[in-house]
Amino acid sequence: LKDVYEFQVGRTGVQFKEMMGDYTQLLGSSENIQWFDFELPAVSLSDYNKVMALQGKDTIALRNDEFAVIANIQNYISMLEAYQKDDNRIDIGSYRLMMSQTLPVLQTPMDNMFSNAQSMVLILPNEVFASLEENSAHVLVGNYKNSGMGYEEKVVEFNEPLQNVYDEEDIFVDYTTRTSLYEGQMGIKALVIFIGLYLGVIFLLASAAVLALQQLSEATDNIQRYRLLRQLGVEEKMLNRSILTQIALYFFMPLGLAIIHSVVGMYVANGVIQTFGRIDALASTAFTAVLMVIVYGGYFILTYLCCRNILKYKKNR
(Lines give C-alpha, C1' and ligand atoms only; values in the text may rest on other atoms or scores of the structure.)
Protein backbone atom coordinates (compact mmCIF):
# COMPACT_ATOMS: atom_id res chain seq x y z
CA LEU A 1 0.00 0.00 0.00
CA LYS A 2 0.90 3.66 -0.36
CA ASP A 3 -0.52 6.88 1.05
CA VAL A 4 -1.64 5.00 4.17
CA TYR A 5 -3.37 7.03 6.84
CA GLU A 6 -5.02 6.11 10.14
CA PHE A 7 -7.66 8.20 11.85
CA GLN A 8 -9.97 7.85 14.81
CA VAL A 9 -13.75 8.17 15.02
CA GLY A 10 -14.76 9.82 18.29
CA ARG A 11 -17.86 9.57 20.44
CA THR A 12 -19.48 12.96 20.94
CA GLY A 13 -22.12 11.98 23.50
CA VAL A 14 -24.65 13.91 21.40
CA GLN A 15 -27.73 11.97 20.33
CA PHE A 16 -29.09 12.47 16.84
CA LYS A 17 -32.62 13.29 18.01
CA GLU A 18 -31.26 15.57 20.72
CA MET A 19 -29.33 17.64 18.18
CA MET A 20 -31.95 17.76 15.42
CA GLY A 21 -35.05 18.19 17.59
CA ASP A 22 -38.14 19.07 15.55
CA TYR A 23 -36.14 18.86 12.32
CA THR A 24 -36.45 15.07 12.54
CA GLN A 25 -40.04 15.46 11.33
CA LEU A 26 -38.54 15.92 7.86
CA LEU A 27 -37.43 12.27 7.96
CA GLY A 28 -40.99 10.95 7.87
CA SER A 29 -42.98 8.87 10.33
CA SER A 30 -42.26 8.60 14.04
CA GLU A 31 -41.21 4.98 13.59
CA ASN A 32 -38.44 6.04 11.21
CA ILE A 33 -37.34 8.74 13.64
CA GLN A 34 -36.99 6.22 16.47
CA TRP A 35 -35.06 3.85 14.21
CA PHE A 36 -32.60 6.57 13.18
CA ASP A 37 -31.88 7.73 16.73
CA PHE A 38 -28.17 7.19 17.47
CA GLU A 39 -25.10 8.83 18.98
CA LEU A 40 -23.37 11.08 16.47
CA PRO A 41 -19.79 10.05 15.62
CA ALA A 42 -17.12 12.65 14.83
CA VAL A 43 -13.74 13.04 13.15
CA SER A 44 -11.20 15.80 13.47
CA LEU A 45 -10.77 18.52 10.88
CA SER A 46 -7.15 17.55 10.19
CA ASP A 47 -8.07 13.87 9.69
CA TYR A 48 -10.86 14.79 7.31
CA ASN A 49 -8.60 17.01 5.22
CA LYS A 50 -5.85 14.36 5.02
CA VAL A 51 -8.30 11.68 3.89
CA MET A 52 -9.79 14.03 1.30
CA ALA A 53 -6.28 14.73 0.05
CA LEU A 54 -5.78 10.97 -0.45
CA GLN A 55 -8.98 10.92 -2.51
CA GLY A 56 -7.99 14.01 -4.51
CA LYS A 57 -10.88 16.02 -3.02
CA ASP A 58 -11.00 19.59 -1.74
CA THR A 59 -10.14 20.31 1.88
CA ILE A 60 -12.14 22.59 4.19
CA ALA A 61 -11.55 25.11 6.98
CA LEU A 62 -13.52 25.63 10.20
CA ARG A 63 -13.52 28.24 12.92
CA ASN A 64 -13.08 27.05 16.50
CA ASP A 65 -16.81 27.46 17.17
CA GLU A 66 -18.02 25.65 14.03
CA PHE A 67 -18.60 22.09 12.90
CA ALA A 68 -19.38 20.51 9.53
CA VAL A 69 -21.40 17.41 8.67
CA ILE A 70 -20.85 14.48 6.33
CA ALA A 71 -24.15 13.04 5.06
CA ASN A 72 -25.22 11.80 1.63
CA ILE A 73 -28.67 10.38 2.32
CA GLN A 74 -31.13 12.75 0.68
CA ASN A 75 -33.53 12.86 3.63
CA TYR A 76 -30.69 13.81 5.95
CA ILE A 77 -29.35 16.43 3.54
CA SER A 78 -32.74 18.18 3.34
CA MET A 79 -33.06 18.07 7.12
CA LEU A 80 -29.55 19.45 7.67
CA GLU A 81 -30.05 22.24 5.15
CA ALA A 82 -33.10 23.37 7.10
CA TYR A 83 -31.13 23.04 10.36
CA GLN A 84 -28.26 25.08 8.90
CA LYS A 85 -30.46 28.07 8.06
CA ASP A 86 -31.27 28.65 11.74
CA ASP A 87 -28.90 29.67 14.53
CA ASN A 88 -28.73 26.21 16.15
CA ARG A 89 -25.90 25.18 18.48
CA ILE A 90 -24.80 21.98 20.17
CA ASP A 91 -22.72 21.36 23.28
CA ILE A 92 -19.78 18.96 23.07
CA GLY A 93 -17.96 18.87 26.37
CA SER A 94 -17.24 22.46 27.34
CA TYR A 95 -17.53 23.71 23.75
CA ARG A 96 -20.61 25.26 22.17
CA LEU A 97 -20.61 24.89 18.40
CA MET A 98 -22.78 25.92 15.46
CA MET A 99 -22.98 24.36 12.01
CA SER A 100 -20.79 26.18 9.50
CA GLN A 101 -22.78 28.66 7.43
CA THR A 102 -20.21 28.72 4.61
CA LEU A 103 -19.90 24.99 3.95
CA PRO A 104 -22.59 22.79 2.36
CA VAL A 105 -23.48 19.37 3.69
CA LEU A 106 -20.44 17.28 2.71
CA GLN A 107 -21.22 14.10 0.82
CA THR A 108 -17.90 12.26 0.40
CA PRO A 109 -17.43 9.33 2.84
CA MET A 110 -14.04 8.95 4.50
CA ASP A 111 -13.81 5.17 4.09
CA ASN A 112 -14.87 2.42 1.70
CA MET A 113 -18.48 1.40 2.15
CA PHE A 114 -20.61 -1.31 0.56
CA SER A 115 -23.38 1.27 0.22
CA ASN A 116 -22.63 4.89 -0.60
CA ALA A 117 -24.90 5.94 2.26
CA GLN A 118 -23.39 7.96 5.11
CA SER A 119 -26.04 8.95 7.66
CA MET A 120 -24.28 11.67 9.71
CA VAL A 121 -20.71 12.24 10.86
CA LEU A 122 -19.59 15.48 12.50
CA ILE A 123 -16.32 17.19 11.59
CA LEU A 124 -14.95 19.00 14.62
CA PRO A 125 -12.10 21.47 15.08
CA ASN A 126 -8.95 19.69 16.24
CA GLU A 127 -9.10 21.22 19.70
CA VAL A 128 -12.69 20.10 20.24
CA PHE A 129 -12.00 16.59 18.92
CA ALA A 130 -8.99 16.24 21.23
CA SER A 131 -11.27 16.88 24.21
CA LEU A 132 -13.42 13.81 23.47
CA GLU A 133 -12.92 11.15 26.12
CA GLU A 134 -13.70 8.05 24.03
CA ASN A 135 -13.16 6.81 20.49
CA SER A 136 -15.57 4.41 18.81
CA ALA A 137 -13.32 3.19 15.96
CA HIS A 138 -9.88 3.30 14.39
CA VAL A 139 -9.88 3.41 10.61
CA LEU A 140 -6.95 2.69 8.28
CA VAL A 141 -7.23 3.86 4.67
CA GLY A 142 -4.77 3.75 1.81
CA ASN A 143 -4.22 3.41 -1.92
CA TYR A 144 -2.56 0.55 -3.77
CA LYS A 145 0.89 1.06 -5.23
CA ASN A 146 -0.34 -0.58 -8.43
CA SER A 147 -3.74 -1.72 -9.67
CA GLY A 148 -3.06 -5.46 -9.87
CA MET A 149 -5.17 -8.20 -8.34
CA GLY A 150 -2.17 -9.40 -6.34
CA TYR A 151 -2.45 -6.41 -4.03
CA GLU A 152 -6.06 -7.22 -3.22
CA GLU A 153 -5.10 -10.80 -2.33
CA LYS A 154 -2.32 -9.60 -0.02
CA VAL A 155 -4.74 -7.33 1.86
CA VAL A 156 -7.19 -10.22 2.32
CA GLU A 157 -4.44 -12.62 3.44
CA PHE A 158 -3.22 -10.10 6.00
CA ASN A 159 -6.61 -9.21 7.46
CA GLU A 160 -8.31 -12.61 7.70
CA PRO A 161 -6.09 -14.04 10.49
CA LEU A 162 -6.08 -10.66 12.21
CA GLN A 163 -9.87 -10.59 12.23
CA ASN A 164 -10.08 -14.07 13.75
CA VAL A 165 -7.73 -13.14 16.59
CA TYR A 166 -9.55 -9.91 17.42
CA ASP A 167 -12.97 -11.53 17.27
CA GLU A 168 -11.98 -13.78 20.19
CA GLU A 169 -11.44 -10.64 22.28
CA ASP A 170 -14.88 -9.23 21.38
CA ILE A 171 -13.35 -6.55 19.19
CA PHE A 172 -15.11 -6.00 15.88
CA VAL A 173 -12.72 -5.79 12.92
CA ASP A 174 -13.90 -5.19 9.40
CA TYR A 175 -12.15 -4.40 6.15
CA THR A 176 -13.17 -3.70 2.58
CA THR A 177 -11.25 -3.44 -0.66
CA ARG A 178 -12.12 -1.88 -3.97
CA THR A 179 -12.60 -5.24 -5.69
CA SER A 180 -14.74 -6.68 -2.88
CA LEU A 181 -17.01 -3.64 -2.98
CA TYR A 182 -17.33 -3.84 -6.75
CA GLU A 183 -18.00 -7.60 -6.76
CA GLY A 184 -20.57 -7.32 -3.98
CA GLN A 185 -22.48 -4.51 -5.65
CA MET A 186 -22.40 -6.13 -9.08
CA GLY A 187 -23.55 -9.46 -7.64
CA ILE A 188 -26.60 -7.91 -5.98
CA LYS A 189 -27.39 -5.81 -9.05
CA ALA A 190 -27.16 -8.84 -11.33
CA LEU A 191 -29.44 -10.87 -9.05
CA VAL A 192 -32.05 -8.12 -8.76
CA ILE A 193 -31.97 -7.37 -12.49
CA PHE A 194 -32.31 -11.05 -13.40
CA ILE A 195 -35.23 -11.68 -11.05
CA GLY A 196 -36.92 -8.41 -12.00
CA LEU A 197 -36.56 -8.94 -15.74
CA TYR A 198 -37.55 -12.60 -15.56
CA LEU A 199 -40.69 -12.03 -13.53
CA GLY A 200 -41.54 -8.81 -15.33
CA VAL A 201 -41.24 -10.28 -18.82
CA ILE A 202 -43.12 -13.45 -17.84
CA PHE A 203 -46.06 -11.51 -16.37
CA LEU A 204 -46.03 -9.04 -19.26
CA LEU A 205 -46.15 -11.81 -21.88
CA ALA A 206 -48.80 -13.73 -19.96
CA SER A 207 -51.10 -10.73 -19.52
CA ALA A 208 -50.72 -9.60 -23.13
CA ALA A 209 -51.31 -13.14 -24.42
CA VAL A 210 -54.47 -13.56 -22.31
CA LEU A 211 -55.87 -10.24 -23.56
CA ALA A 212 -55.01 -11.12 -27.16
CA LEU A 213 -56.66 -14.56 -26.97
CA GLN A 214 -59.74 -13.08 -25.33
CA GLN A 215 -60.14 -10.50 -28.09
CA LEU A 216 -59.59 -13.05 -30.85
CA SER A 217 -62.25 -15.24 -29.26
CA GLU A 218 -64.68 -12.31 -29.11
CA ALA A 219 -63.94 -11.45 -32.74
CA THR A 220 -65.01 -14.96 -33.75
CA ASP A 221 -68.19 -14.64 -31.68
CA ASN A 222 -69.03 -11.27 -33.26
CA ILE A 223 -68.86 -12.43 -36.89
CA GLN A 224 -72.64 -12.48 -37.29
CA ARG A 225 -73.02 -9.04 -35.71
CA TYR A 226 -70.46 -7.45 -38.05
CA ARG A 227 -72.06 -9.20 -41.05
CA LEU A 228 -75.39 -7.67 -40.06
CA LEU A 229 -73.81 -4.22 -39.75
CA ARG A 230 -72.39 -4.52 -43.28
CA GLN A 231 -75.81 -5.50 -44.60
CA LEU A 232 -77.21 -2.36 -42.96
CA GLY A 233 -74.68 -0.26 -44.90
CA VAL A 234 -72.09 0.54 -42.22
CA GLU A 235 -68.80 1.55 -43.83
CA GLU A 236 -65.77 -0.71 -43.46
CA LYS A 237 -63.77 2.18 -42.06
CA MET A 238 -66.24 2.61 -39.22
CA LEU A 239 -66.21 -1.11 -38.48
CA ASN A 240 -62.41 -1.12 -38.28
CA ARG A 241 -62.56 1.86 -35.94
CA SER A 242 -64.99 -0.04 -33.73
CA ILE A 243 -62.63 -3.02 -33.58
CA LEU A 244 -59.68 -0.76 -32.76
CA THR A 245 -61.61 1.06 -30.01
CA GLN A 246 -62.74 -2.17 -28.36
CA ILE A 247 -59.25 -3.71 -28.37
CA ALA A 248 -57.69 -0.45 -27.15
CA LEU A 249 -60.07 -0.33 -24.19
CA TYR A 250 -59.29 -3.92 -23.22
CA PHE A 251 -55.53 -3.42 -23.53
CA PHE A 252 -55.00 0.10 -22.16
CA MET A 253 -57.39 0.20 -19.22
CA PRO A 254 -55.36 -2.47 -17.34
CA LEU A 255 -52.20 -0.71 -18.50
CA GLY A 256 -53.43 2.58 -17.03
CA LEU A 257 -54.05 0.92 -13.67
CA ALA A 258 -50.59 -0.70 -13.83
CA ILE A 259 -48.97 2.69 -14.54
CA ILE A 260 -50.70 4.27 -11.54
CA HIS A 261 -49.58 1.36 -9.37
CA SER A 262 -46.00 1.68 -10.68
CA VAL A 263 -45.85 5.43 -10.03
CA VAL A 264 -47.00 5.00 -6.44
CA GLY A 265 -44.70 2.00 -5.94
CA MET A 266 -41.66 3.81 -7.38
CA TYR A 267 -42.36 6.84 -5.18
CA VAL A 268 -42.40 4.67 -2.05
CA ALA A 269 -39.42 2.59 -3.21
CA ASN A 270 -37.34 5.70 -3.94
CA GLY A 271 -38.00 6.90 -0.40
CA VAL A 272 -36.58 3.63 0.95
CA ILE A 273 -33.65 3.66 -1.48
CA GLN A 274 -32.70 7.20 -0.47
CA THR A 275 -32.21 5.89 3.05
CA PHE A 276 -29.27 3.84 1.76
CA GLY A 277 -27.92 6.27 -0.82
CA ARG A 278 -28.60 7.78 -4.18
CA ILE A 279 -29.61 5.91 -7.27
CA ASP A 280 -30.29 7.04 -10.82
CA ALA A 281 -33.46 5.25 -11.92
CA LEU A 282 -33.84 7.16 -15.20
CA ALA A 283 -31.99 4.62 -17.35
CA SER A 284 -33.80 1.58 -15.91
CA THR A 285 -37.17 3.36 -16.15
CA ALA A 286 -36.54 4.26 -19.78
CA PHE A 287 -35.50 0.68 -20.59
CA THR A 288 -38.63 -0.68 -18.93
CA ALA A 289 -40.84 1.77 -20.83
CA VAL A 290 -39.25 0.81 -24.17
CA LEU A 291 -39.64 -2.90 -23.38
CA MET A 292 -43.28 -2.30 -22.45
CA VAL A 293 -43.98 -0.44 -25.69
CA ILE A 294 -42.34 -3.13 -27.81
CA VAL A 295 -43.95 -6.18 -26.15
CA TYR A 296 -47.33 -4.80 -25.09
CA GLY A 297 -47.69 -2.55 -28.11
CA GLY A 298 -46.70 -5.41 -30.42
CA TYR A 299 -49.39 -7.66 -28.95
CA PHE A 300 -51.93 -4.85 -29.30
CA ILE A 301 -51.15 -4.23 -32.98
CA LEU A 302 -51.07 -7.93 -33.85
CA THR A 303 -54.37 -8.52 -32.05
CA TYR A 304 -56.03 -5.69 -33.95
CA LEU A 305 -54.75 -6.91 -37.32
CA CYS A 306 -55.78 -10.51 -36.60
CA CYS A 307 -59.29 -9.51 -35.45
CA ARG A 308 -59.77 -7.33 -38.51
CA ASN A 309 -58.57 -10.09 -40.84
CA ILE A 310 -60.88 -12.65 -39.19
CA LEU A 311 -63.90 -10.47 -39.85
CA LYS A 312 -62.79 -9.63 -43.38
CA TYR A 313 -62.16 -13.30 -44.16
CA LYS A 314 -65.61 -14.28 -42.97
CA LYS A 315 -67.11 -11.45 -44.97
CA ASN A 316 -65.56 -12.70 -48.22
CA ARG A 317 -66.91 -16.20 -47.65
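Up top is the structure.
Residues numbered from 1 in each chain as written. Predicted model: local features only at pLDDT ≥ 70, side-chain atom pairs only at ≥ 80, totals over all residues. Heavy atoms only, no water.

A. Quick look at the overall build of the chain. Scanning the chain from terminus to terminus reveals 10 helices and seven strands. Within the chain, the fraction of its 317 residues that count as buried is 31%. Restricting the contact set of the chain to residue pairs at least 6 apart, pairs at least 24 apart contribute 82%. By element, 60% of the accessible surface of the chain is carried by carbon and sulfur atoms, the whole surface being about 20,000 Å². (Helix = DSSP H or I, 4+ residues; strand = E, 2+ residues; numbered from the N terminus. Buried < 20%, exposed > 50% of the residue type's maximum accessible area, 1.4 Å probe, protein only. Contact = heavy atoms within 4.5 Å. Areas by Shrake-Rupley, 256 points an atom, 1.4 Å probe, with all protein chains shown as cover.)

B. Up close: the sheet that holds strand β4 (residues 89-92). Within the open sheet, the seven strands sit side by side as β4-β5-β3-β6-β2-β1-β7. Their pairing is mixed. Each having just a single partner strand, β4 and β7 (135-143) make up the two edges of the open sheet. The sheet shows a mean angle of 35° between the axes of neighbouring strands, taken without regard to direction. Where strand β1 (residues 2-15) lies against β7, seven bridges are found, and the strand directions are antiparallel. Bridging from a neighbouring strand, Y5 pairs with V141 of β7. Lying over the sheet, helix α3 (residues 45-55) contacts β1, β2 (39-44), β3 (66-70), β6 (121-124) and β7, oriented at roughly 140° with respect to β1. Lying over the sheet, helix α4 (residues 74-85) contacts β3, β4 and β5 (95-99), oriented at roughly 115° with respect to β5. (Pairing = 2+ DSSP bridges. Axes fitted to C-alpha atoms, helices over the stretch in contact; angles between N-to-C directions.)

C. Up close: a nonpolar patch on the surface. The grouping of L191, F194, I195, Y198, L199, I202 and F203 at the surface amounts to a nonpolar patch, some 760 Å² of accessible area in total. Its location among the elements puts I195 in helix α7 (residues 178-221). Exposure remark for I195: the relative accessible area of 40% places this residue in the partly exposed category. (Patch = residues over 30% accessible without salt bridge, like charges linked within 9 Å, V, L, I, M, F, W, Y side chains within 5 Å. Salt bridge = Lys/Arg side-chain N within 4 Å of Asp/Glu carboxyl O.)

D. How the structure looks around α3. Those residues of α3 lying buried are L45, D47, Y48, N49, V51 and M52. Turning to α3, the residues buried within the fold contact β1, β2, β3, β6, α5 (126-130) and β7. Among the residues trailing α3, G56 stands out with phi positive, at a value near 75°.

E. Local environment of the pairing of β6. Burial along β6 is two-sided: V121 and I123 facing one way and L122 and L124 facing the other are all buried. In this structure, β2 lies alongside β6, joined through three bridges in parallel fashion. In the strand pairing of β6, V43 is matched with I123. Note that β3 and β6 share three bridges and pair antiparallel. The partner of V69 across the bridge, within β6, is L122.

F. Inspection of the nonpolar core at higher detail. One finds M19, M20, F67, I92, M120, L122 and L124 to be the most contacted residues of the largest nonpolar core, which totals 27 residues. If you tally residues by element for this core, the top one is α4, at five residues. Discounting chain neighbours no more than four positions away, the residues touching M19 are V14, L40, F67, Y83, I90, M120 and L122. With 19 residues, the next largest nonpolar core counts Y5, F7, V9 and I70 among its residues. (Core = buried A, V, L, I, M, F, W, Y, C linked by side-chain atoms within 4.5 Å.)

G. How the structure looks around the environment of T24. Note on placement: T24 falls in the loop between α1 (16-20) and α2 (30-35). Residues T24 and M79, spaced 55 residues apart in sequence, show a C-alpha to C-alpha distance of 7.1 Å.

H. Highlighting the side chain of T12. The residue T12 is located in strand β1 in this model. By relative accessible area, which is 9% here, T12 ends up buried. A distance of 3.2 Å separates a polar side-chain atom of T12 from the backbone nitrogen of V14. (Polar contact = N/O pair within 3.5 Å; in protein donor to acceptor, adjacent residues only side chain to side chain.)

I. Summary view of α4. An ideal rise of 1.5 Å per residue puts 16 Å on 12 residues; α4 measures up with 17 Å between its terminal C-alpha atoms. Along α4, the residues classified as buried are Y76, I77, M79, L80, Y83 and Q84. All buried residues of α4 fall inside an arc of 165° around its axis, so they share one side. Where α4 is buried, its residues contact α1, β3, β4 and β5. (Expected span 1.5 Å × (residues − 1). Arc of directions from axis to C-beta.)

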